[in-house]
Number of protein chains: 2
Amino acid sequence: MRKKPAIHLQDTFLAPRQELGRSVTIPASLARCEETGRLAAFKLNWKPGDPNAPHIYWDSDVAKVLEGMARASALFGDETLESRLDELVELVLSAQQKDGYLNTHFTVVEPENRWKNLFDWHELYCAGHLIEAAVARFEASGKRDFLDAMCRYADLIWKEFGPSGRKGYPGHEELELALVKLYRATGTDRYLELAKLFIDRRGTEPNYFLSEDSPDLARRDLENRQAHRPVRDQHEATGHAVRAVYLYSGMADVAYETGDRVLMERCEELFDDLTGKKMYITGGIGCRLPGEGLGAAYELPLNRAYAESCAAMGLVQFAVRMLKYTGKMKYADVAERLICNGAISGLSLSGDRFFYANPHSCSREFRAIAHLCRTRQPWHTTSCCPTSYCRFLPQLGDFCYRAEKGCLHVDIPASARIETPDFSVSVVSGWPWIGNARVTVEKGTCELKIRIPDWCGEDFRFSLPGTVSGRCWSPEKALGEGEILELDFGLRAELIFPDCRIPSTRGMAAIRRGPLIYCVESPDCTDFAPGEIRLPENIRFSETEKPDLPAGTVALRGAALIEEKKDALYSCGKPEYREAEITAIPYALWQNRGDAEMELFFPLIR
Amino acid sequence: MRKKPAIHLQDTFLAPRQELGRSVTIPASLARCEETGRLAAFKLNWKPGDPNAPHIYWDSDVAKVLEGMARASALFGDETLESRLDELVELVLSAQQKDGYLNTHFTVVEPENRWKNLFDWHELYCAGHLIEAAVARFEASGKRDFLDAMCRYADLIWKEFGPSGRKGYPGHEELELALVKLYRATGTDRYLELAKLFIDRRGTEPNYFLSEDSPDLARRDLENRQAHRPVRDQHEATGHAVRAVYLYSGMADVAYETGDRVLMERCEELFDDLTGKKMYITGGIGCRLPGEGLGAAYELPLNRAYAESCAAMGLVQFAVRMLKYTGKMKYADVAERLICNGAISGLSLSGDRFFYANPHSCSREFRAIAHLCRTRQPWHTTSCCPTSYCRFLPQLGDFCYRAEKGCLHVDIPASARIETPDFSVSVVSGWPWIGNARVTVEKGTCELKIRIPDWCGEDFRFSLPGTVSGRCWSPEKALGEGEILELDFGLRAELIFPDCRIPSTRGMAAIRRGPLIYCVESPDCTDFAPGEIRLPENIRFSETEKPDLPAGTVALRGAALIEEKKDALYSCGKPEYREAEITAIPYALWQNRGDAEMELFFPLIR
């Protein structure tokens, strides 16, 4: 096993979240898995007539927590966590059948329906998450127990759905990318081949999903599953948001491993459509509750924003893959946008409360609407989002830095120590609050590839001579031990203007400072609601601290206008305004100080 | 039978629609009722196993067309229409059972379920519409066939649900107001008593709807049916929009007839909540697709506006009742707003195509969203809206003028001839395009009560001395034969500003001219989309004709700004604008020149 580089974040924004993941999010999710019967399900002692039958997607929840435990125990050297993981792996593997099959629901609840309904029943999805967990455990600890067991499971799936098997493929994509991970971990070609097969089959005629024995065939929404046409003929990102980005991630993996340029071009095209027409300013995607779908171009409602946390984390996965495979910095821009805003917003500062949907506006009057503007919940019946954070948080360092042999990619300059067999580097920066950073090579020699973030525009400086290519800066020569690079990315509070084709934000502006999108939340408002705020075009912001937010947080103050309420819903009296100072905080931190109203976009007053 | 006053509209806006109702809308709806089996259902020859079983609300569709035929045949003296009505009444009454019962679905499809599910099955709702049709026929022609039959039906309902019967009441309100009409037509007290009983029972404990034998009790949304608490404890307008305004109309009728001041106060309060917090600028109500509901205060999305045509027509019914019962002019303001905008918008200029939902914004990108921005349809499976127009159009004159003994109320000064036994009056005006009118008493003597519309503010003039009380103007003395009153209401194109608490229209303005709300539709746009238009606060409009719209239509031209599209969804470059002339047309006339994009609110540029 190749030793993974160790990336230890030390910044004030992500590192505390990562620590919270280990100490709170993972233990809390584990406790919920225990309380709800998700863990006990692996004992396979549920019998017809018993309450609380294992659900079709329970296994995936447990798998995602296990993946998080593997990653976090390695990152923090947490032996308690690792020994708990050892026990849980034993429990999970005890449910594996002789033929390699591992699914609690289809083993005890409806064994007769194994592989019967790939469209709806999440069977291959659960397999994918188990495989991801097994690979993470292997990479973190070198332990092969889970990995070997999952190879047996993958071999069974190969027998069932491989080249000589049935022509099925996952109804909820996930197994594709997991199989590529398994291929990389084991070197076994057929796992890559199976991933490619699933991708190549998807949406081809005759459509497999219309051949299943199910009474609902006529109602099946193939586009929601990205199965309405072959993936190589898909030019617009459509359907279920989480499924879409999981599929595209698998497509990118297969394209990269097989050198399939057409497939990689398709991934680039889908990414551009997704982020150029269907993405919130926070990076959130999937605007619609019905079908948890991506919606039409420019369909980005604010208070009705669905913007599921899992979809945001899934888009980070897709973006960092595309970054690695193409080297284009725009992918890191999107990843950073999510990491600072729409992906992290779903997790409370306490680490144990979650948004499933992430509203982008929240008025008092709308609080009653189902699924919208809800307070953060300690768990969800469909608990994909909490368990996604368990595995997302330990990866934050990997989203900031990529170490290759002799070269360090600084995609996001969060304070960190990066240790590889070739070199050790420390980065000390004020990111995301301050734009400068000092990169010190503490051991060995190291080339640097530093992303120039989208948010600094042309305002960047480096202390060493170097060259820029495609928003990526490299020094003229590698840095040796003790050498230091200072860099500075311009960072100021400014207004951001959405394209006029987005109906929900016409004539409005948002507030950005560096990578962070800001919002105004009711705890910071005195005698007005956030929805009454209007932004003068020439507003100037000053920076301020907020004692009720984490240390280091930069809040913004500025003189805005408050529109006066009227007696009539509609009237010919021009709007009247009074001046008021507003305080804006990072969107990622909202709804952490009680049940709040919040706005992110404000009408602009020229 | 008291002879009803004859009100013949002669204006260019409503009168052509009314004629179209007689010549196109009613015949087209009748043809659809025939094609779909709605008429044949009354032959009661459907048998289990046959296709196309009579649906639970089919009878109401037929009843509403019959009501329209009765009203239109009287209004136009159309004997062909009346003799067709005679045949249809015979057909309908042939389905009446010996005990008085008349419902095609529950006679042939599931006779065992009669009265079993009042919450969902529209049985009493259908009865209400049949009674309304019977009363309309009686009032129009004096023919008692239908009326007498419906008395027998009402007597059966009295036996089943009267003071000694079961404690049920309509799941879809409508019968309440119909029973008051039947009481007024026949003088039979028990019909009023039954209406009062239904209203008094509604929402009381133990809740009748939770006592029905149905598997869905736990999921029943009582608030959607206005049955979550007694109506006298309801202070906010909630639930299904059409049901709500039908209920409130019945409540107002009962309150008026029984002198119940508390109930009338409740009607005033509900009206104020509905129109002060939950009404579109067009008068449309019921913003939500789910449950066809009224939504929360200020929840008035534009492109997702549901704003069902039936709800708009239902609110007219409620408003004209409140106008009559209280004499307050604000009720006529709302009725006129609907008649000029949100109620008439659902009917095509061809008279045979309909909107079920009335979008208040329509962008190309959103056309794919189910139920939204659809083109007008010739019919709907749930065809309440087309058939509502059949009965709505012949009543337009009654919504403009109310003739009492020796007194004429001019609520809306559309050109018309008003004939009563006491007097004849002609009104010649440019309404809704021009603000002046000439009222001539042609026969007899006549007091006048003239509403000063909300849209003219304090800009009104009358040629005779008179007094104003509560926006109602009266001349000092009654006008005799040959006497003339000239009046002028100030009417200009202007911007209207929504209250800042409505999230969907923050920072935006709409265009109004007199009673008409204007929109911009893509057929009038050259190289920009309506959604890219921004309105300078000081915009001036000039009036213009549109050859592709009905003669007399006043369109508006003005110099607006077009926001330039950008390459990025979100960017720090300030919005850039270019000047362009825009043409605005009345919202009521949109989507009559092909499939169009449309906007009604535009961001304001100060």
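Residues numbered from 1 in each chain as written. Chains lettered and ligands numbered in written order. Predicted model: local features only at pLDDT ≥ 70, side-chain atom pairs only at ≥ 80, totals over all residues. Heavy atoms only, no water.

Peer 1: An account of the overall build of chain A is requested, with residue identities and associated values reported.
Peer 2: For chain A, the helix and strand inventory stands at 14 helices and 22 strands. In summary, chain A has a C-alpha radius of gyration of 24 Å against a globular reference of 25 Å for 606 residues, a match within 12%. Here chain A holds 606 residues, and 64% of them are scored as buried. Considering only intrachain contacts with a sequence separation of at least 6, the fraction spanning at least 24 residues in chain A is 68%. When the accessible surface of chain A is summed, it comes to about 21,200 Å², and 49% of that surface belongs to carbon and sulfur atoms. For chain A, the separation between the mean place of its 76 positive charges and that of its 88 negative charges on side chains is 1 Å. (Helix = DSSP H or I, 4+ residues; strand = E, 2+ residues; numbered from the N terminus. Rg over C-alpha atoms; globule rule 2.2 N^0.38 Å. Buried < 20%, exposed > 50% of the residue type's maximum accessible area, 1.4 Å probe, protein only. Contact = heavy atoms within 4.5 Å. Areas by Shrake-Rupley, 256 points an atom, 1.4 Å probe, with all protein chains shown as cover. Lys, Arg positive; Asp, Glu negative; His and termini not counted. Charge placed at Lys NZ, Arg CZ, Asp CG, Glu CD.)

Peer 1: Residues and numbers for the packing of aromatic side chains, please.
Peer 2: Summed over all chains, the structure comprises 46 aromatic pairs over all chains. Where Trp455 of chain A meets Phe489 of chain A, the ring centres are 6.1 Å apart and the plane angle is 90°; that geometry is what we call edge-to-face. Placement of Trp455 of chain A in the loop between β8 (447–451) and β9 (460–462) and of Phe489 of chain A in strand β12 (residues 484–489) is noted, with a sequence separation of 34 residues between them. Assessed through its relative accessible area of 5%, Trp455 of chain A is described here as buried. Owing to a relative accessible area of 2%, Phe489 of chain A belongs among the buried residues under this scheme. Measuring from centroid to centroid gives 6.1 Å for Phe354 of chain B and Tyr389 of chain B, while their planes differ by 25°, and the two rings are stacked. You can see Phe354 of chain B sitting in the loop between α12 (330–342) and β2 (361–362) and its partner Tyr389 of chain B sitting in helix α13 (residues 384–392), a full 35 residues away along the chain. (Phe/Tyr/Trp six-rings, centres within 6.5 Å; stacked < 30°, edge-to-face > 60°.)

Peer 1: So what's going on with the pairing of strand β18 (residues 555–563) of chain B? Which residues, and what values?
Peer 2: Residue and element names in this part refer to chain B. Most of β18 sits inside the fold, with seven of its nine residues counted as buried. In this structure, strand β16 (residues 533–536) lies alongside β18, joined through two bridges in antiparallel fashion. Note that in β18 the partner of Arg534 across the bridge is Leu561. Inspection of the sheet shows strand β17 (residues 541–544) paired to β18 by four bridges, in the antiparallel sense. Within β18, the position partnered with Glu543 by the bridge is Leu556. (Pairing = 2+ DSSP bridges.)

Peer 1: Explain the environment of Glu458 of chain B residue by residue, including any values.
Peer 2: Residue and element names in this part refer to chain B. Inspection of the secondary structure puts Glu458 in the loop between β8 (447–451) and β9 (460–462). Given the relative accessible area of 65%, Glu458 is considered exposed. Taking C-alpha positions, Glu458 is 46 Å from Thr204, a pair spaced 254 residues apart along the chain. Side chain to side chain, Glu458 and Arg471 meet in a polar contact 3.1 Å long. (Polar contact = N/O pair within 3.5 Å; in protein donor to acceptor, adjacent residues only side chain to side chain.)

Peer 1: Could you give me a rundown of unusual backbone geometry, with the residues and numbers involved?
Peer 2: All names here are of chain A. Pro206 follows Glu205 through a cis peptide bond whose omega is -10°. Structurally, Pro206 is set in the loop between α8 (189–201) and α9 (241–258). One non-glycine residue, Glu292, lies in the positive phi region at around 45°. When you line up the elements, Glu292 lands in the loop between α10 (261–277) and α11 (309–326). With a relative accessible area of 18%, Glu292 lands in the buried category.

Peer 1: Break down the interface of chain A and chain B for me, with residues and values.
Peer 2: Facing the 58 residues of chain A at the interface are 58 residues of chain B. Buried area between chain A and chain B, both sides added, is near 4,700 Å², and the carbon and sulfur share of it is 60%. The largest share of the area that chain A buries against chain B comes from Arg506, Leu569 and Tyr570 of chain A, three residues that together contribute 19% of it. The interface formed by chain A and chain B includes six salt bridges. Notably, a salt bridge pairs Lys574 of chain A with Glu537 of chain B, separated by 4.0 Å at the nearest N-O pair. For the interface between chain A and chain B, the tally reads 22 residue pairs in polar contact (both at pLDDT 80 or more). (Buried area = accessible area lost by both parts, 1.4 Å probe. Salt bridge = Lys/Arg side-chain N within 4 Å of Asp/Glu carboxyl O.)

Peer 1: Now, about the relation of the copies chain A and chain B: what can you tell me, with residues and values included?
Peer 2: What relates the two chain copies is a rotation about an axis together with a slide along it. Superposing chain A onto chain B takes a rotation of 180° combined with a translation of 0.0 Å along the rotation axis, leaving an RMSD of 0.0 Å. Taken together, the rotation and translation describe the operation of a two-fold axis. If distances are taken from each C-alpha of chain A to the rotation axis, the shortest is found for Arg606 of chain A, at 3.1 Å. Most of the interface of chain A is mirrored in chain B: 100% of its interface residues are interface residues there too. (Least-squares fit on C-alpha atoms with pLDDT ≥ 70 in both.)

Peer 1: A description of the packing of α10 of chain A against α11 of chain A should follow, citing residues and the corresponding values.
Peer 2: All names here are of chain A. Running from N to C, α10 and α11 cross one another at 135°; their axes reach a closest spacing of 11 Å. The angle between α10 and α11 places the two elements in the oblique class. Between α10 and α11 the crossing geometry is left-handed. Seen from α10, the contacting residues are Met264, Cys267, Glu268, Phe271, Leu274 and Thr275; seen from α11, they are Leu315, Phe318, Ala319, Met322, Tyr325 and Thr326. Class assignment for the residues of the contact of α10 with α11 results in nine nonpolar, two polar and one charged. (Axes fitted to C-alpha atoms, helices over the stretch in contact; angles between N-to-C directions. Parallel < 35°, antiparallel > 145°, perpendicular 65-115°, else oblique. Left-handed = near helix turned anticlockwise from the far one by under 90°. Nonpolar A, V, L, I, M, F, W, Y, C, P; charged D, E, K, R; others polar.)

Peer 1: Summarise the state of the cysteines; cite the residues concerned and give the values.
Peer 2: The tally for this structure, following the rule as stated, stands at zero disulfides over all chains. No disulfide involves Cys384 of chain A; its sulfur sits 3.7 Å from that of Cys310 of chain A, the nearest cysteine. Exposure remark for Cys384 of chain A: the relative accessible area of 12% places this residue in the buried category. Here Cys456 of chain A is not disulfide-linked; the sulfur of Cys572 of chain B is the nearest cysteine sulfur, at 11 Å. (Disulfide = S-S within 2.5 Å.)

Peer 1: Give me the lowdown on the side chain of Ser345 of chain B, citing residues and values where you can.
Peer 2: Examined against the element boundaries, Ser345 of chain B turns out to sit in the loop between α12 and β2. If we skip the residues at most four places from it in the chain, Ser345 of chain B touches Phe355, Asn358, Arg376, Tyr587 and Ala588 of chain B.

Peer 1: Pulling in residues and values, what's your account of the domain arrangement of chain A?
Peer 2: Residue and element names in this part refer to chain A. By domain assignment, chain A separates into domain 1 (36–197), domain 2 (235–400), domain 3 (405–489) and domain 4 (493–605). Listed per partner, the contact involves 26 residues of domain 2 and 26 residues of domain 4. For the pair domain 2 and domain 4, the summed buried area comes to about 2,300 Å², and 59% of that belongs to carbon and sulfur atoms. Across the domain 2-domain 4 interface, the total number found is zero salt bridges. At the boundary of domain 2 with domain 4, the tally comes to 10 residue pairs in polar contact (both at pLDDT 80 or more). Breaking the side of domain 2 that touches domain 4 down by element, the ones donating at least two residues are α12 (329–342) and β2 (361–362). (Domains from an automatic or database assignment.)

Peer 1: How would you explain the sheet that holds strand β5 (residues 416–419) of chain B if you had to name every residue and give the values?
Peer 2: All names here are of chain B. The strand order across the open sheet formed by six strands is β1-β5-β6-β7-β12-β9, and the pairing between neighbours is antiparallel. Both outer strands of the open sheet, β1 (6–9) and β9, are each paired with one neighbouring strand and no more. Between one strand and the next, the sheet's axes are offset by a mean angle of 15°, whatever the strand orientation.

Peer 1: Just give me the short version of the pattern of salt bridges, but keep the residues and values in it.
Peer 2: Oppositely charged side chains can form a pair if their charged atoms are brought close together. Residues and elements named next belong to chain A. This structure, assessed with the given rule, holds 122 salt bridges over all chains. Notably, a salt bridge pairs Lys328 with Glu268, separated by 2.8 Å at the nearest N-O pair. Taken together, the residues Lys328 in the loop between α11 and α12 and Glu268 in helix α10 connect sequence positions 60 residues apart. The partly exposed category is assigned to Lys328, whose relative accessible area is 38%. Judged by relative accessible area, which is 17%, Glu268 ranks as buried. Through salt bridges with shared partners, one network takes in Glu67, Arg71, Glu132, Lys181 and Arg391.

Peer 1: Can you lay out the sheet that holds strand β10 (residues 466–469) of chain A for me, pointing to particular residues and giving the numbers?
Peer 2: Strands pair in a sheet through their backbones, by hydrogen bonds, and they do so in one of two ways: parallel or antiparallel. Residue and element names in this part refer to chain A. Spatial strand order, β3-β4-β8-β11-β10: five strands in an open sheet with mixed pairing. The open sheet has two edge strands with one neighbour each: β3 (401–404) and β10. Averaged over neighbouring strand pairs, the angle between their axes works out to 20° when direction is ignored. As paired elements, β3 and strand β4 (residues 407–410) share four bridges and run antiparallel to each other. Opposite Tyr401, over in β4, you have Val410 as the bridge partner. Those strands touched by α12 are β3, β8 and β11 (472–475), and its axis lies near 65° from that of β8.

Peer 1: Got a sec to walk through the packing of helix α10 (residues 261–277) of chain B against α12 of chain B? Specific residues and values, please.
Peer 2: All names here are of chain B. Two elements in contact, α10 and α12, have axes separated by 12 Å at closest approach and are oriented at 45°. By the criterion of interaxial angle, the relationship of α10 to α12 is oblique. The hand of the α10/α12 crossing is left-handed. Taking contact as the criterion, the partners of Glu268, Phe271, Asp272 and Thr275 in α10 are, on α12, Lys330, Tyr331 and Val334.

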